[in-house]
Each structure stands twice: as C-alpha cells, then as structure tokens.
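Chains, contacts and geometry: an overview
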Number of protein chains: 2
Amino acid sequence: MKISCSKGNLLKSVNIVMKAVPSKTTMPILECILIDASAGDIKFTSNDMELGIETKVEGTIIEKGIIALDAKIFSEIVRRLPENEVVITTDEKLNTLITCEKAKFNIPGKSGEDFSYLPFIERDECITLSQFTLKEIIRQTIFSIAANENNKLMTGELIQIQEDTLRIVSLDGHRISIRKVQLKEAAKDRKVVVPGKTLNEISKILSGEAEDMVHIFFTDSHIVFEFDDTVVVSRLIEGEYFKIDQMLSSDYETKVKINKREFLNCIDRATLLVKESDKKPIIIQISDGSMELQIDSQIGSMDEEIDIEKEGKDILIGFNPKFLIDALKVIDDEEVSIYLMNPKAPCFIKDEEEQYIYLILPVNFNAVNR
Amino acid sequence: MKISCSKGNLLKSVNIVMKAVPSKTTMPILECILIDASAGDIKFTSNDMELGIETKVEGTIIEKGIIALDAKIFSEIVRRLPENEVVITTDEKLNTLITCEKAKFNIPGKSGEDFSYLPFIERDECITLSQFTLKEIIRQTIFSIAANENNKLMTGELIQIQEDTLRIVSLDGHRISIRKVQLKEAAKDRKVVVPGKTLNEISKILSGEAEDMVHIFFTDSHIVFEFDDTVVVSRLIEGEYFKIDQMLSSDYETKVKINKREFLNCIDRATLLVKESDKKPIIIQISDGSMELQIDSQIGSMDEEIDIEKEGKDILIGFNPKFLIDALKVIDDEEVSIYLMNPKAPCFIKDEEEQYIYLILPVNFNAVNR
C-alpha cells in the first residue's frame with residue numbers, strides 16, 4: 001500500500017476514529033486503526049465491538065492495499081509531523097514507513113484481515129437533524145445517566161421518535177432529564193436505548209454547526225449516525241426502558257421564577273462547604289418574593305437570599321446541590337421556572353413548551369439536619 | 001476584627017499568599033492565612049516555615065484585630081463570592097462571618113497568636129531587578145534542579161553576585177544551566193543557594209512586567225524578595241555549592257549552528273517512540289552541512305536530517321532527548337550554537353556573550369544501541 005495525504009487531513013481523520021479505539025482490550029487488533037486503500041477511497045476504521053467509526057480521508061492512493069496500525073503510536077506520529085504532505089508505504093512484511101519532509105518513521109503494522117469491520121446495516125428508516133441540535137441535546141441530558149453499570153439501561157439514553165417529535169431521556173434513579181426536538185418530517189415510531197459512551201464520543205466528533213446535518217438510521221440492534229465523511233455505528237442496549245410518563249405530573253402547589261445565573265452561583269458557593277461524600281443537602285425556603293438557601297456542615301455554614309417571583313404555597317425543601325447544578329448548567333434560558341408539590345415529591349424545572357424537563361427528587365433533611 | 005475589601009483585592013492577595021500554604025503539615029495553624037488588621041494596614045501572611053509570604057490588602061479596617069482562617073476554605077469562599085464589597089467580621093469566640101451582597105458565610109477561625117510570623121530581616125545589602133528578568137531567569141534554569149532530595153544542594157539554585165553581574169545556576173548531575181544578568185549597580189559579592197520551591201512559587205507571583213521592579217535582600221540564612229505590596233522570605237539551603245567553573249571549557253572540536261525550532265521539533269517527534277523509563281538515547285550524526293538524528297526502540301524507529309552550518313570535525317554522539325528538549329525550549333534565540341569535543345565530553349549550547357550556557361552530558365550508546 002502507498003498513500004499520500006496532507007498532515008492536516010490525516011490528523012483530522014485520526015482524531016475522529018480515535019474515539020472508538022478502546023484503551024484496554026484483550027484483542028490487540030482493536031487497538032489499531034485500519035487504513036483501507038483497497039478500493040477508490042482511503043478509509044480509516046476503528047471498532048471497539050460496541051462502537052465503530054469509519055471516515056473517509058482526503059488523499060491519493062498510489063498503490064492499493066490495507067494495513068492496521070497501532071492507533072496510539074500512529075496518532076502520535078501524525079500529530080508531531082511537520083505541516084506538509086505525508087506518504088505512508090507498507091512492504092510485504094507489513095513494515096510501515098511514514099515520511100514527511102526529511103522525517104522518516106518506521107513502525108510495524110498488522111494484517112487488515114484480522115480486523116473487525118463494521119457490521120453492514122441496511123439504511124431504510126432515517127431521521128435528519130442538524131449537528132448543532134444533536135450535540136446540544138446530548139450535552140443537555142448526558143450528565144444524568146448512571147455512572148455505574150448496576151442497571152445497564154440507566155447507562156444509556158432513550159431516543160424516542162413519535163411522528164415528528166424526537167425525545168431524548170436519561171435518568172439515574174434520582175433525577176430525569178428530557179429534551180424534545182421537532183423534526184422536519186414525521187418518521188416511523190421508534191424507541192431505542194443508546195449507550196451513553198456512544199453519545200459522549202459522537203458529540204466530540206460533531207461539528208456543532210447548525211448548517212451541517214446528521215442522518216440517523218435504526219435497526220433492531222444498531223443505530224447509525226452519518227455525517228460529513230464519517231459513519232458511526234453503535235450497538236443498542238437491549239431491554240425495555242423505564243416508563244417515565246407516569247412520573248411526569250403537571251400538578252404543582254408552588255411555582256417559582258428565578259434568575260438562573262444567580263441561583264446557580266449561589267448553589268455553587270454553598271457546595272464549597274460540603275465534600276461530595278458528605279451528601280449534605282442544600283435547604284431551600286421559598287416564601288413570597290424570596291428564596292433562602294442554607295447549608296450547614298462541619299466546615300461552616302452559608303446562608304443566602306435570592307429574589308424570586310412566587311405563585312402558590314410557601315415550602316421548605318432539601319436537595320442534593322449537585323443535581324440542581326447539573327440541570328441549571330445546561331439550561332440556556334436566563335430565567336427558569338421551578339414547580340414544586342411538597343417536600344417529598346419531585347420538583348420540576350421546565351419551560352412552557354416542555355422542550356426541556358428536569359425532574360429532581362428532593363432529599364429528606366429532617367432527620368439529618370434540623 | 002471587622003474589615004471591608006473588594007472581592008477582587010481579596011482574591012488577588014489570597015492567591016499570592018496561598019503559594020506558601022503547605023498542603024500537608026503536622027501544624028494545622030500553618031494551613032491558615034493570617035489576617036492582621038491590628039495596625040494601619042490589612043496584611044495577609046502565610047508561612048510553611050521555609051517560605052513565608054506577606055502581602056498588603058487594599059481595604060478598610062472598621063475594627064482592629066487579628067484572625068487566622070483555614071487557607072483552603074477561605075480562598076474557595078473568596079473565589080466564589082459575587083464581584084462586590086466583602087465584609088469580614090470576627091467575634092470573641094473567633095467565629096468569622098464573611099458577607100457579600102446577600103451571601104453570608106460562617107466559618108470558625110483560629111487565634112493569630114499561634115501563628116508563626118515571618119522572621120525579622122535587616123535589609124541592608126540589596127540588588128534590584130525587573131520582575132520580567134527575574135521571572136525569565138528562573139524559568140530558564142529551574143528545570144535542571146534535581147527532583148529528589150538525595151543531594152539537598154541540587155534541589156536549589158545558586159544565586160551568585162560578583163560586582164555588577166548576577167549569575168543563576170542549577171544542576172542535577174547530568175546537566176548544568178546558567179544564566180547571567182548585568183545589574184545596574186555593583187553590589188557586595190554573594191553566593192547563596194535558594195530552594196527551588198521558593199523560586200517556583202515566586203515566579204508564579206511575579207507580574208513579569210519589565211517596568212515592575214523587585215528588590216532582593218540577603219542575610220546569612222535568608223533571602224528576601226520585595227515587590228509591589230508583597231514580601232517573600234525564604235530560608236537558604238546551607239552548604240558549599242558545586243564548583244562549576246572548572247567544568248566550563250571553551251575548547252571545542254565541532255561547532256554547529258542550527259535552527260532551534262527545527263531541532264526541537266525533530267527531537268520532540270523522536271521521543272514519541274520512547275517511554276521515559278526506557279532511557280533510549282537519540283543518536284546525532286554531525287557531518288558537513290547536515291545533522292542526522294536517529295532513534296530506535298521496540299515501538300519503531302525514526303530518522304531525520306536537518307540542515308546545519310558546521311565548523312570542525314564530524315562527530316557521532318548520543319543524548320538523553322529530554323535534556324536537549326528542556327534546554328532548547330527555554331532559549332529564545334532563533335538559531336543556536338552547539339559546541340562539542342568528543343562523544344564522551346559534555347556538549348555546550350550557548351550564545352556568544354555567554355548570557356546563557358547549557359551543559360549537557362552525552363550518553364554512551366555503543367553498548368546499548370549499536
């Protein structure tokens with residue numbers, strides 16, 4: 001094989017496929033990037049058996065062929081080459097010579113035959129979103145998937161299509177995050193659970209531009225994202241996702257309108273008095289026109305008041321401050337509305353159109369704190 | 001005690017004194033910042049018994065007093081307060097109330113009496129430098145102090161004054177870094193060894209501006225840096241520093257002029273093939289008009305040529321690439337001159353006026369590598 005590409009193009013493509021290279025594996029071939037120049041295009045592929053990425057590389061094929069190169073070493077070499085044309089040549093023993101200007105690297109390659117190619121997916125049903133929107137809705141929900149694998153379904157996000165509405169949901173047993181997006185065209189109803197890792201990695205590759213599109217295809221076991229010169233294929237998580245609709249109530253006893261930035265800064269200040277392991281709640285007292293936040297710990301105590309608009313009853317309620325911070329951080333609105341029922345019922349932070357809904361369970365603080 | 005300062009002024013001063021707060025100590029009082037508002041000024045002090053920092057804080061004393069506050073908590077609180085006026089009030093039980101806008105923090109304080117004040121230093125001999133120069137010469141030498149404490153003197157830097165010349169030297173047994181600075185006025189001859197930690201911390205506080213000055217005072221056991229509203233006092237390292245002058249020879253058999261950036265990038269590329277623990281040398285072949293760099297490891301091999309100007313003999317010599325990188329990184333010249341004697345003698349990278357001299361010992365690669 002002999003190919004020639006600019007360093008810039010190589011680096012761009014390497015950075016994309018690196019996202020599906022596992023850091024540790026029992027199959028060394030998976031730690032490789034496959035360079036496939038056997039047909040008309042140069043393609044890089046990586047595959048950790050759950051997530052696979054294929055991307056086209058701009059360049060010239062001088063001699064057709066296939067080689068698998070250690071991903072870490074290859075990416076490091078590409079990163080440090082001068083900004084110029086790079087030629088990659090392999091010999092029959094799979095030794096690979098990478099040259100750029102006067103620099104010559106020699107590294108061993110592996111046979112492409114051992115590599116796990118991406119599964120073939122029939123592309124029939126498809127929805128289309130802007131890369132900006134997909135990146136945003138991932139960012140705005142991914143934080144509330146479960147960190148540990150005790151319940152596999154909680155480590156993924158529900159992607160649900162109902163006519164022309166796409167809904168993305170994540171939950172971890174203490175909170176639920178929901179974002180809704182209007183699609184341009186109605187599609188077949190679908191409910192799939194996508195691994196959180198897939199969504200995390202894909203959001204790093206997405207350009208985030210509103211003009212760039214991404215096409216999403218589904219099968220019973222896989223989801224495929226197609227955008228720019230890249231295809232990302234991921235396994236789905238099997239099983240029935242949690243029935244969340246029955247948890248979403250629109251009843252409330254107290255409604256609060258608050259400046260998001262003030263609220264967030266105040267909780268952020270309060271948290272410096274608690275270690276993550278402490279599980280100290282922040283106590284919120286809502287009265288007419290003002291919200292008082294209060295936290296008490298071994299380190300010290302804090303007390304702060306924020307002006308609010310209130311409808312309904314006064315309420316005293318406790319929360320894990322982290323859950324409030326996580327939700328507030330990803331909301332773009334300047335002012336948010338909070339709906340509360342009683343100190344034991346979940347609180348909702350949502351907008352009028354319910355384009356976003358954050359449900360957070362309160363913490364029982366009577367026993368702990370007062 | 002009751003004082004009032006802007007959040008910005010508080011934060012600036014806290015960040016300065018934090019540099020002398022030890023992260024771990026058996027004396028909890030040392031983990032505090034002392035706020036001294038007992039006289040006309042508000043002063044913050046920190047002291048880890050080797051390094052002490054005192055800085056004046058702009059603000060108003062409403063009621064005189066002294067308090068010691070846990071440095072980590074106090075700095076975190078200040079960092080997250082709104083940008084406004086902050087009032088710090090202590091009561092007779094040393095409880096401290098920090099208020100800013102509607103935020104109120106309550107933390108316990110400690111008595112200032114237990115705090116170790118900075119030693120009193122008579123300020124007679126003094127040299128003056130710009131903060132820019134001091135910061136630069138520290139950056140350009142600090143990397144070659146020894147990392148471990150086996151030889152205490154190697155963990156510090158020699159500061160030597162001879163008439164109107166200041167020389168700063170660091171060495172770790174494999175290399176020596178020297179910078180020379182012309183002083184505006186001659187001063188008394190001095191030779192002191194300053195702990196590397198002191199120089200590291202002080203360079204973080206220095207503004208780096210050429211117009212801002214720093215005054216340096218010496219005693220037999222201490223060095224004092226005075227600049228802006230800050231005084232830094234450090235113990236010296238006791239003992240006789242290494243006699244380096246006999247190692248500095250101006251003889252050479254080969255002299256090379258090379259583009260610094262090209263040389264640095266090339267070595268940087270080569271190092272990706274070696275793990276730090278490998279101790280693989282980079283082999284340099286110098287001939288007329290060109291330098292060939294070559295490295296070989298289990299991962300692969302690299303080979304690159306760079307155009308040079310050469311005087312004298314051809315030479316084949318090996319180096320620890322890290323030592324070359326460290327020195328080249330801090331040299332500002334576009335082109336550097338390298339002086340070599342033979343494959344077992346130290347090489348010198350230096351400028352004509354010897355404002356900087358980097359001595360690097362070569363590595364014997366015959367046994368290891370060829």
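Note that the structure is a prediction, hence the values are computed from the model and not measured.

**A word on the interface of chain A and chain B**
Note: interface size is frequently given as the accessible area lost on complex formation between the parts. The partner chain B presents 26 residues to the 26 residues of chain A that form the contact. Interface area for chain A against chain B, summed over the two sides, is near 2300 Å², with a carbon-plus-sulfur share of 57%. Three residues stand out in chain A for area buried against chain B, namely Arg80(A), Lys102(A) and Leu272(A), and they jointly supply 28% of the buried area on that side. Summed over the shared surface of chain A and chain B, the result is 4 salt bridges. Ionic pairing is found between Asp307(A) and Lys102(B), a salt bridge with its closest N-O pair at 2.9 Å. Taken together, chain A and chain B are joined by 12 residue pairs in polar contact (both at pLDDT 80 or more). Those elements giving two or more residues to the side of chain A that touches chain B turn out to be α2 (71–80), β9 (103–108), α5 (260–271) and β21 (301–307) of chain A. Where β21(A) meets strand β9 (residues 103–108) of chain B, 4 bridges bridge the pair, whose relative direction is antiparallel. Bridged to Glu304(A) within β9(B) is Ala103(B).

**Describing the packing of aromatic side chains**
Residues and elements named next belong to chain A. In the structure shown here, the tally under the stated rule is 12 aromatic pairs over all chains. Here tyrosine 252 and tyrosine 339 contribute two aromatic rings whose centre-to-centre distance is 5.0 Å and whose plane-to-plane angle is 70°, an arrangement assigned as edge-to-face. One end of the pair, tyrosine 252, is in the loop between β17 (230–235) and β18 (254–259); the other, tyrosine 339, is in strand β24 (residues 335–340), with 87 residues separating them in the sequence. The partly exposed category is assigned to tyrosine 252, whose relative accessible area is 33%. The exposure class assigned to tyrosine 339 is buried, which follows from its relative accessible area of 10%. Between tyrosine 356 and tyrosine 358 the ring centres are 5.9 Å apart and the planes differ by 35°, which places this aromatic pair in the tilted class. Site record: aromatic cluster; members linked through ring pairs are Phe143, Tyr356 and Tyr358.

**Overview of the pairing of strand β13 (residues 175–182) of chain B**
All names here are of chain B. In terms of burial, β13 is a largely internal element, 6 of the 8 residues being buried. Alignment of strand β12 (residues 165–171) against β13, held across 7 bridges, turns out to be antiparallel. Following the sheet pairing, leucine 166 is matched in β13 by valine 181. Between β12 and β13, which pair antiparallel one after the other, the connecting turn spans 3 residues, and glycine 173 there sits at a positive phi close to 95°.

**Description of the UniProt feature "domain: DNA polymerase III beta sliding clamp C-terminal" (unreviewed entry) in chain A**
Residues annotated by UniProt as "domain: DNA polymerase III beta sliding clamp C-terminal" (unreviewed entry) correspond here to residues 248–363 of chain A. Between the end C-alpha atoms of residues 248–363 of chain A there is a gap of 18 Å, over a span that is 19% helix and 43% strand.

**So, the packing of helix α5 (residues 260–271) of chain B against helix α6 (residues 321–330) of chain B**
Residue and element names in this part refer to chain B. Close contact between α5 and α6 brings their axes to 10 Å; oriented N to C, the two are set at 145°. Here α5 runs over α6; the crossing is left-handed. Touching Lys260, Phe263, Leu264, Ile267, Asp268 and Thr271 of α5 are Pro321, Leu324, Ile325, Leu328 and Lys329, all from α6. Of the residues that constitute the contact of α5 with α6, the class distribution is 7 nonpolar, 1 polar and 3 charged.

**Quick notes on the sheet that holds strand β6 (residues 65–70) of chain A**
Residues and elements named next belong to chain A. Sheet architecture is open: 8 strands sit in the order β6-β2-β3-β4-β17-β16-β15-β10, paired in antiparallel fashion. Only two strands of the sheet have a single partner each, and these edge strands are β6 and β10 (126–130). In this sheet, adjacent strand axes meet at a mean angle of 20° when their direction is disregarded. Bridge count between strand β16 (residues 222–227) and β17: 6 bridges; the pairing is antiparallel. Residue pairing across strands places phenylalanine 225 opposite valine 232, the latter belonging to β17.

**As for the domain arrangement of chain A**
Taken domain by domain, chain A comprises domain 1 (2–114), domain 2 (126–245) and domain 3 (248–369). For domain 1 of chain A and domain 3 of chain A, the distance between their C-alpha centres works out to 50 Å.

**Looking at the side chain of Arg167(B)**
Residues and elements named next belong to chain B. Assignment of secondary structure puts arginine 167 in strand β12. Here aspartate 245 takes part through its side chain, which lies 3.2 Å from a polar atom of the side chain of arginine 167. Each residue touching arginine 167, except ones within four places of it in the same chain, is listed here: Leu158, Ile159, Gln160, Ile178, Arg179, Lys180, Ile244, Asp245 and Leu248.

What counts, and where the lines are drawn
Residues numbered from 1 in each chain as written. Chains lettered and ligands numbered in written order. Predicted model: local features only at pLDDT ≥ 70, side-chain atom pairs only at ≥ 80, totals over all residues. Heavy atoms only, no water. Contact = heavy atoms within 4.5 Å. Buried area = accessible area lost by both parts, 1.4 Å probe. Salt bridge = Lys/Arg side-chain N within 4 Å of Asp/Glu carboxyl O. Polar contact = N/O pair within 3.5 Å; in protein donor to acceptor, adjacent residues only side chain to side chain. Helix = DSSP H or I, 4+ residues; strand = E, 2+ residues; numbered from the N terminus. Pairing = 2+ DSSP bridges. Phe/Tyr/Trp six-rings, centres within 6.5 Å; stacked < 30°, edge-to-face > 60°. Buried < 20%, exposed > 50% of the residue type's maximum accessible area, 1.4 Å probe, protein only. UniProt positions renumbered as here; feature names shortened; annotations may be inferred. Axes fitted to C-alpha atoms, helices over the stretch in contact; angles between N-to-C directions. Left-handed = near helix turned anticlockwise from the far one by under 90°. Nonpolar A, V, L, I, M, F, W, Y, C, P; charged D, E, K, R; others polar. Domains from an automatic or database assignment.

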